[in-house]
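Breakdown of the fold
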Amino acid sequence: MRKILVTGGAGFLGSHLCERLVAQGHDVLCVDNYFTGSKANIEHLLGLPHFEVMRHDVTFPLYVEVDQIYNLACPASPVHYQHDPVQTTKVNVHGAINMLGLAKRLRARILQASTSEVYGDPEVHPQTEDYWGKVNPIGIRSCYDEGKRCAETLFFDYWRQHRLEIKVMRIFNTYGPRMHPNDGRVVSNFIVQALKGEPITIYGDGTQTRSFCYVDDLVDGMMRLMDSPAAFTGPVNVGNPQETTMLELADTICRLTGSASAIEFRPLPQDDPKQRRPDIGLAERALGWAPRTALEDGLKETIAYFRKIVD
Ligand code: NAD
Ligand code: UDP
Ligand code: UDP
């Protein structure tokens, strides 16, 4: 049994991670400022003897005693991270410095929830970890993309300079129960629109692609990475290589919900990547990990969740 800190633990991914760690018998400390997360996500864990919550903003120093740190604190959807872009950069950079400083004092192993956005609008397809990316440094997505890139830099400098045990995980689009219904991400938008019989909003012509990973698979990959041999730092892609266009996704969601929603085309946001698919060869070799949930199966679980919370 370990003492494990999860920052951003009341968010979508964080709450699933906390649940799995508690189930394994670990002592979990969830730190969150509830910017995009909610107490409802962790309600079922409150009161358990091995689960503790602390309201705290990671841009400020944190003094606690733990053995491992999962650093997930950061708004993840474009709507949320663009709401206060300066704060987004601060969470990524100051937050990383504080959590790395904490890990250094404790000699604790630390995992960073990085992102496929470090590849920007990629010229290499599918994306392998050795691709350096094509990122606009001054656009509306930059606070997130460059913030996450700088966090990766900090992780590798603490590793080189202070010999910290680091793990850097590049997460590709992930979906599942407890996604925020209003966070503007495509899976939650389409499901909510389909359930309400509202038009499905496709940005651009809908031929852009993404690869969607079900949350249980993602959390499994994250825990395998944390427990991998010390010499393995990553960065490692974790995601589902099954690639789909937004038009196909809209069709599938309409079919699975039995919705008759019309399709409505809207302008494509600035810097919206045209295609994205992870090369997961490294995760397969180093972690023995591959996603197991087919898109339709994961969507069915997610739709069932949204049916309960959408009126
Ligand atoms: P989320 O918005 O649901 O969760 C983020 C959590 O961080 C929230 O609970 C939020 O309140 C908390 N938070 C934000 N700022 C904070 C601060 N200053 N101090 C403390 N807590 C703070 O998003 P998510 O989808 O669960 O993403 C979790 C992590 O995974 C993020 O770092 C995100 O960048 C990364 N990621 C997610 C995806 C995805 O598809 N979901 C893809 C790539 C990377
Ligand atoms: N820090 C923290 N908790 C700790 C230790 C450090 O939050 O237990 C923060 C503190 O704000 C510090 C930052 O982490 O400024 C970086 O720590 P480090 O030791 O790398 O550098 P310092 O700034 O102390 O020289
Ligand atoms: N998108 C869309 N309709 C929506 C929301 C998003 O067509 O209602 C598109 C968006 O332009 C992007 C893709 O879906 O091309 C994925 O968007 P999301 O914000 O979920 O993730 P990201 O762009 O960060 O991968």
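Details of the structure are given in the entry above.
In this report, we go over the structure that sits alongside the text. (Residues numbered from 1 in each chain as written. Chains lettered and ligands numbered in written order. Predicted model: local features only at pLDDT ≥ 70, side-chain atom pairs only at ≥ 80, totals over all residues. Heavy atoms only, no water.)

Along the chain, Asp145 turns up in helix 5 (residues 142-162). No salt bridge is formed by the buried Asp145, whose closest oppositely charged neighbour, Arg141, lies at an N-O distance of 4.5 Å. In this structure, Asp145 is in contact with Tyr81, Glu117 and Val135, ignoring residues within four places of it in sequence. (Helix = DSSP H or I, 4+ residues; strand = E, 2+ residues; numbered from the N terminus. Buried < 20%, exposed > 50% of the residue type's maximum accessible area, 1.4 Å probe, protein only. Lys, Arg positive; Asp, Glu negative; His and termini not counted. Salt bridge = Lys/Arg side-chain N within 4 Å of Asp/Glu carboxyl O. Contact = heavy atoms within 4.5 Å.)

Before going further, it helps to spend a moment on the pairing of strand 6 (residues 166-171). The element strand 6 is extensively covered by neighbouring structure, given that six of its six residues are classed as buried. Here strand 6 shows no split at all, with Ile166, Val168 and Arg170 on one side and Lys167, Met169 and Ile171 on the other all buried. Here strand 5 (residues 109-115) pairs with strand 6 via six bridges, running parallel. Bridge pairing links Gln112 to Val168 in strand 6. Read from strand 5 through helix 5 to strand 6, the crossover connection turns out right-handed. Relative to strand 11 (residues 236-238), strand 6 is paired through three bridges, and the arrangement is parallel. Each bridged residue has a counterpart across the sheet, and for Met169 the counterpart in strand 11 is Val236. (Pairing = 2+ DSSP bridges. Right-handed = clockwise from strand over helix to strand, strands pointing away.)

With that settled, consider the pattern of salt bridges. Summed over the entire model, instances satisfying the criterion amount to 17 salt bridges. Note that Asp157 and Arg160 form a salt bridge whose closest N and O atoms lie 3.1 Å from each other. Of the two residues, Asp157 and Arg160 both sit in helix 5, three residues apart, roughly one turn of that helix. Of the residues examined, Arg160 reaches a relative accessible area of 49% and is grouped as partly exposed. As a salt-bridge pair, Arg266 and Glu264 come within 3.0 Å of each other at their nearest N and O atoms. Classification of Arg266 as partly exposed rests on a relative accessible area of 39%. A relative accessible area of 30% places Glu264 in the partly exposed class. One salt-bridge network, in which partners are shared between bridges, spans Glu117, Arg141, Arg210, Asp272 and Arg276.

Taking strand neighbours across the sheet as the criterion, the seven strands line up as 3-2-1-4-5-6-11 in an open arrangement whose pairing is parallel. In this open sheet, the two strands that pair with only one neighbour each are strand 3 (51-55) and strand 11. With strand direction ignored, the average angle separating the axes of adjacent strands in the sheet is 20 degrees. In this sheet, strand 2 (residues 27-32) lies alongside strand 1 (residues 3-7) in parallel orientation, the contact comprising five bridges. Considered in strand 2, the bridge of Lys3 is made with Asp27. Along the sheet face, helix 1 (residues 12-23) touches strand 1, strand 2, strand 3, strand 4 (68-71) and strand 6 and points at about 170 degrees away from the line of strand 1. (Axes fitted to C-alpha atoms, helices over the stretch in contact; angles between N-to-C directions.)

Near ligand 2, the surroundings consist of Pro61, Leu62, Tyr63, Ile97, Asn98, Gly101, Leu102, Lys104, Arg105 and Tyr158. Here a nitrogen atom of ligand 2 and a backbone polar atom of Leu62 are 2.7 Å apart. Between Ile97 and ligand 2, the recorded distance is 3.4 Å, taken from a backbone N or O atom to an oxygen atom. Protein contacts shield 65% of the accessible area of ligand 2, which totals 500 Å² for the unbound molecule. (Near = heavy atom within 4 Å. Polar contact = N/O pair within 3.5 Å; in protein donor to acceptor, adjacent residues only side chain to side chain. Areas by Shrake-Rupley, 256 points an atom, 1.4 Å probe, with all protein chains shown as cover.)

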